[in-house]
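So you can see what is in the structure, the chains are spelled out below.
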Amino acid sequence: MAPLTHRSIKDGWFREINSQWPGQAMTLKVNRILHVEKSLYQDVLVFESETYGNVLVLDGVIQCTERDEFSYQEMIAHLPLASHPNPKKVLVIGGGDGGVVREVLKHDTVEQVVLCDIDEAVIRVSKQFLPHMSSLLSDPRVVVHIGDGFKFLADNTSTYDAIITDSSDPVGPAASLFQKPYFELLRDALTPGGHISTQGECLWIHLDLIQDLIKTTRTLFPVSEYAFTTIPTYPSGQIGFMVASKEAGRDLSKPLRPVPNTRYYNAEVHKAAFVLPEFGRSLLTEGKDLRPKFGANATSKAPSKKVLLLGSGAVALPCAEYVVRNPDNALTIACRTLKSAEALAEGLRNTTAASLDAGSQDPAKQAALEKAIAEHDLVISLVPYIHHANVIKAAIKGKTNVVTTSYISPAIRELEDEIKKAGIVVMNEIGLDPGVDHLYAIKTIDEVHAKGGKIKEFHSFCGGLPAPECSDNPLGYKFSWSARGALLALLNSASYLADGQQVDVQGKDLMGTAKPYYITPAFAFVAYPNRNSVPFREYYNIPEAETVVRGTLRYQGFPEFIKALVALGFLNLDAKEWLKEGLTWAQVTQQAIGASDANESTLVARVKELCKFPDAGESRRIISGLKWIGLFSSAPAPVRDANLLDTLCAQLETLMKYEDGERDLVMLQHKFVVEWAGGATDTLTATLEAYGEPQGHSAMALYVGVPCGIAVQLVLDGVFATPGVLAPYSKEICDPIREVLEAQGLGLVERVL
């Protein structure tokens, strides 16, 4: 049996990174993983920690630990029960670990406890790994009901003297447990004078939410208060409870009887739990916000610059985050669907969402685009490159500056005179590749030239790849962007300079040029040329260079697999009359490769005939990979647009996507062979090895989005003010961007080999 692993545990440490508490995380040292499971409702993890005992984690968030669970369980239970004159019937919603039930049964007035939890896995796992919490679930006074709490409440009105909601945090389905309809169900399920207690989040992080909860509950209950406890493994070490009563005048802070056998709770702690620190009390009782304002929040002046961001890809968010760091900037994020724009804009200061279609030729949509662009000082175009010219035409009319991350296309070059007449800056090629690669190429080239040296060879290769531990499919690749775009790029022709001669490669032969490429012993990379490298001898001002090649990095074995797919016809875009819904993959493959039938043995024999594998080992490797894709299977093929490439894309989009918790790798290296004035030679390198954060941005998104955001700010600040089509090919453009990039902790490492 393979050892258990979990995405939240890395290098022996559990990390609780979550958007609900941005910028902070809880970590615990892990002795061993005890249990990993995907239940019907959530991800379930149990591990043994070094200092907190066994830990239960749901969807990446700590629920309880053996060391500190008692402070939460005792307070959420005893605050409503000890202040109630005679609680007999108690309902617990959630809390499948059994801790709340254990505490409820310490009250000798209680005759029955019903536990209602939707996920049986939590109860089952807790009985195995947290028996000190769950043991009393078998008590005769306890009824365990597996089901939805909303329905259970609706079916049991006027039934319970106290209801305790031990819920997870307000994201996804659990968000409904913090909204008015749920509190209405709680109220209606109570007997006269009944109490509720619900998980009420943290003063340090969720004070605005707590304010909303108090307003909501006070419209439904005559008495409603916030109380809190301390607990080391919850965010910021503190969590609270909304405690409410149907009895007017009830003093929830006054315990009416002692509770035996507690570790945290006592009568004085009960009273003190309702005494809030001044910043909390002030906002919740007087509406006065005493929280410190710092950074971009410290300013009260209105933004003076307006930026429009078009696009919803992964790179858009880190770009947007950088732009709104400056309180002078107001940002509008626009996508074809308003929902996508709203999702990106959520949580960003000074940001609004809009619906715009940058590629539409519909007159009304085009007019809306032009109007929106004209209302902004700068537009960031992160839409597919074929739409950039349309965006720039609208920007010319509105005299609005533009920034894109894409290469300068012929369509953009054709607009240069109009761009200059409009007096606007159109900055291009400022992402990763192109972008960051330019910054460090220009830096090293300028430094070498300043010392009297010559660049004899320039090699630059970049790869966006799954991190090694995530490269677990036969191609060693996963899609972080359009699968169709990634596959079509493999058919592009390429040109480069080698020993003073131009080498041209046709798209069908591109994979055949791939060769092993050494960066460090840790990686087995191969490299092949990308697009046309020849003009970069001029762009980079290195007329002396005899070799100039820019290209792509992939893991070993990738090119041979793609060559096989090309040979079999699966990267063909031509429409096929025979390619229709209802065919199995084996039937599609039979037709594609001209096999006599769809039996696997026949298909494999034909594949070997067409691909001409160099040896038996390579034949086994690639045929096994084709089986993994499903090309010989009886499963229905997801036919798309009646062509083989798009149909293959439909399959690979599912098989080769990044799974939750996986991370990517960006590897970029420039290699310069330098000849100095005295005849000596050196090999200089500039290398980027960057990994994405599974709960944050991918490395690719970060290294495209942040440089773009930096360029946006420099255009807004007037650092780049010369009208025209610009790209980072000069020291005047590259140095300011690179200096800010490095101040953000990003950039390449330079060495002399």
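These lines cover the structure that appears in this document, whether it is placed above or below.

## Focus on the overall build of the protein
And then number 1: Of the regular secondary structure elements, the protein holds 25 helices and 29 strands.
And then number 2: In terms of overall dimensions, the protein has a C-alpha envelope of 95 × 70 × 60 Å along the principal axes.
And then number 3: Looking at the protein residue by residue over its 753 residues, the buried ones come to 55%.
And then number 4: In the protein, the proportion of contacts linking residues at least 24 apart, taken out of those at least 6 apart, comes to 68%.
And then number 5: Entry remark: accessible area of the protein is about 32400 Å², with carbon and sulfur atoms responsible for 51%.
And then number 6: Taking the average location of the 72 positive side-chain charges in the protein and that of its 89 negative ones, the two points are 1 Å from each other.

## Comments concerning the packing of aromatic side chains
And then number 1: Under the definition given, this model contains 20 aromatic pairs.
And then number 2: Between Tyr539 and Tyr729, the ring centres sit 4.8 Å apart and the planes meet at 10 degrees, which makes this aromatic pair stacked. Of this pair, Tyr539 sits in helix α18 (residues 536–539) while Tyr729 is found in the loop between β28 (724–726) and α25 (731–743), placing the two residues 190 residues apart along the sequence.
And then number 3: Residue Tyr539 is classed as partly exposed on the basis of its relative accessible area of 33%.
And then number 4: Through successive ring pairs, a cluster of aromatic residues spans Phe458, Phe536, Tyr539, Tyr540, Phe672 and Tyr729.
And then number 5: In this structure, Lys89 is placed above the aromatic ring of Tyr160, and the distance from its NZ or CZ to the ring centre is 5.4 Å.
And then number 6: Over the ring of Phe536 we find Arg550; its NZ or CZ atom is 4.1 Å from the centre of that ring.

## Describing the packing of helix α21 (residues 600–611) against helix α22 (residues 616–629)
And then number 1: Contact geometry of α21 with α22 gives a least axis separation of 11 Å together with a crossing angle of 130 degrees. The angle between the axes of α21 and α22 places the two elements in the oblique class. In the packing of α21 onto α22, the handedness of the crossing is right-handed. Residue-level inspection shows Glu600, Val604, Val607 and Lys608 of α21 in contact with α22, the latter providing Ser619, Ile623, Leu626 and Lys627.
And then number 2: Of the residues in the contact of α21 with α22, the class split is four nonpolar, one polar and three charged.

## Notes on the nonpolar core
And then number 1: Grouped together as the largest cluster of nonpolar side chains are 95 residues, with contacts concentrated most on Leu310, Ile333 and Ile380.
And then number 2: Ranked by the residues each element gives to this core, the list is headed by helix α24 (residues 699–716), at eleven residues.
And then number 3: For Ile333, the contacting residues outside a window of four places in its chain are Leu309, Gly311, Ala320, Ala341, Leu344, Ala345, Leu348, Thr351, Thr352, Ala353 and Ala354.
And then number 4: If you look at the next biggest cluster of nonpolar residues, it comprises 59 residues, including Ile519, Leu583, Val588 and Ile593.

## Things to note about the sheet that holds strand β7 (residues 89–94)
And then number 1: Judged by pairing direction, the sheet is mixed, and its seven strands sit side by side in the order β9-β8-β7-β10-β11-β13-β12 without closing on themselves. Where the open sheet ends on each side, the last strands, each with one partner, are β9 (142–146) and β12 (223–230). Between one strand and the next, the sheet's axes are offset by a mean angle of 15 degrees, whatever the strand orientation.
And then number 2: As paired strands, strand β10 (residues 160–166) and strand β11 (residues 190–201) are joined by five bridges and run parallel to one another. Paired with Ile163 across the two strands is Ile196, which belongs to β11.
And then number 3: Each of β7, β10 and β11 is contacted by helix α6 (residues 180–189), which is oriented at about 145 degrees to β11, the strand it contacts most.

## Considerations on the environment of Ile205
And then number 1: Within the secondary structure, Ile205 is located in the loop between β11 and α7 (207–218).
And then number 2: For the pair Ile205 and Val110, spaced 95 residues apart in sequence, the C-alpha to C-alpha distance is 35 Å.

## What about the pattern of salt bridges?
And then number 1: Per the stated rule, a full pass over the model turns up 41 salt bridges.
And then number 2: In this structure, Arg663 and Glu469 form a salt bridge, with 2.6 Å as the shortest nitrogen-oxygen distance. One end of the pair, Arg663, is in the loop between α23 (644–655) and β26 (664–675); the other, Glu469, is in the loop between β20 (454–466) and α17 (483–489), with 194 residues separating them in the sequence.
And then number 3: Here Glu600 ties to Lys627 by a salt bridge, and the two come within 3.1 Å at their closest N and O atoms. Separated by 27 residues along the polypeptide, Glu600 in helix α21 and Lys627 in helix α22 bring together distant segments of the chain.

## Considering helix α3 (residues 120–129)
And then number 1: The set of residues buried in α3 consists of Ala121, Val122, Ile123, Val125, Ser126 and Phe129.
And then number 2: Each element contacted by the buried residues of α3 is listed here: β3 (25–38), β4 (43–49), β5 (54–58), β8 (112–117), α4 (131–134) and β9.
And then number 3: Two to three positions downstream of the cap, the backbone nitrogen of Ala121 sits 3.0 Å from a side-chain oxygen, assigning the N-cap of α3 to Asp119.

Rules behind the numbers
- Counting from 1, residues in each chain are numbered in the order their sequence is written.
- In view of the model being predicted, local features appear only for residues whose pLDDT reaches at least 70, and side-chain atom pairs are presented and counted only at 80 or more, with totals across whole chains, interfaces and linings using the full set of residues.
- To get the side-chain values, take all heavy atoms of the structure and skip hydrogens and water.
- Strands here mean DSSP runs of E at least two residues long; helices mean DSSP runs of H or I at least four residues long; both are numbered from the N terminus.
- For the exposure calls, accessible area comes from a 1.4 Å probe over protein chains only, and a residue counts as buried if that area is under 20% of its type's maximum, exposed if over 50%, partly exposed in between.
- Every residue pair with non-hydrogen atoms within 4.5 Å of one another is taken to be in contact.
- Here, Shrake-Rupley sampling with a 1.4 Å probe gives the accessible areas, and only protein chains in the shown set may cover a residue.
- Charge convention: Lys and Arg are scored as positive, Asp and Glu as negative, and His as well as the terminal groups of each chain are ignored.
- Note on charges: their place is set at NZ of Lys, CZ of Arg, CG of Asp or CD of Glu.
- Between 30 and 60 degrees the pair is tilted, below 30 it is stacked and above 60 it is edge-to-face, where a pair is any two Phe, Tyr or Trp rings, Trp via its six-membered ring, whose centres lie within 6.5 Å.
- When the NZ atom of lysine or the CZ atom of arginine is within 6 Å of a ring's centre and also within 35 degrees of its normal, the charge is said to sit over that ring.
- Structural elements are reduced to axes, namely lines fitted to C-alpha atoms, with helices fitted over the stretch in contact, and the angle between N-to-C directions of any two is expressed from 0 to 180 degrees.
- For this classification, under 35 degrees means roughly parallel, over 145 means roughly antiparallel, 65 to 115 means roughly perpendicular, and everything else is oblique.
- Handedness of a crossing is defined here by the sense of rotation of the near helix relative to the far one, left-handed for an anticlockwise turn of less than a right angle and right-handed for a clockwise turn.
- Residue classes follow a fixed rule: Ala, Val, Leu, Ile, Met, Phe, Trp, Tyr, Cys and Pro count as nonpolar, while Asp, Glu, Lys and Arg count as charged, and any other residue, Gly among them, counts as polar.
- The nonpolar core is taken to be a set of buried Ala, Val, Leu, Ile, Met, Phe, Trp, Tyr and Cys residues, with the residues joined through side-chain atoms within 4.5 Å.
- A pair of strands is labelled paired if DSSP reports no fewer than 2 bridges between them.
- By definition here, a salt bridge exists when the distance from a side-chain nitrogen of Lys or Arg to a carboxyl oxygen of Asp or Glu is within 4 Å.
- Counting of polar contacts relies on pairs of N or O atoms within 3.5 Å, with two restrictions inside protein: one atom must be capable of donating a hydrogen and the other of accepting it, and residues adjacent in sequence are counted only when both atoms are side-chain atoms.

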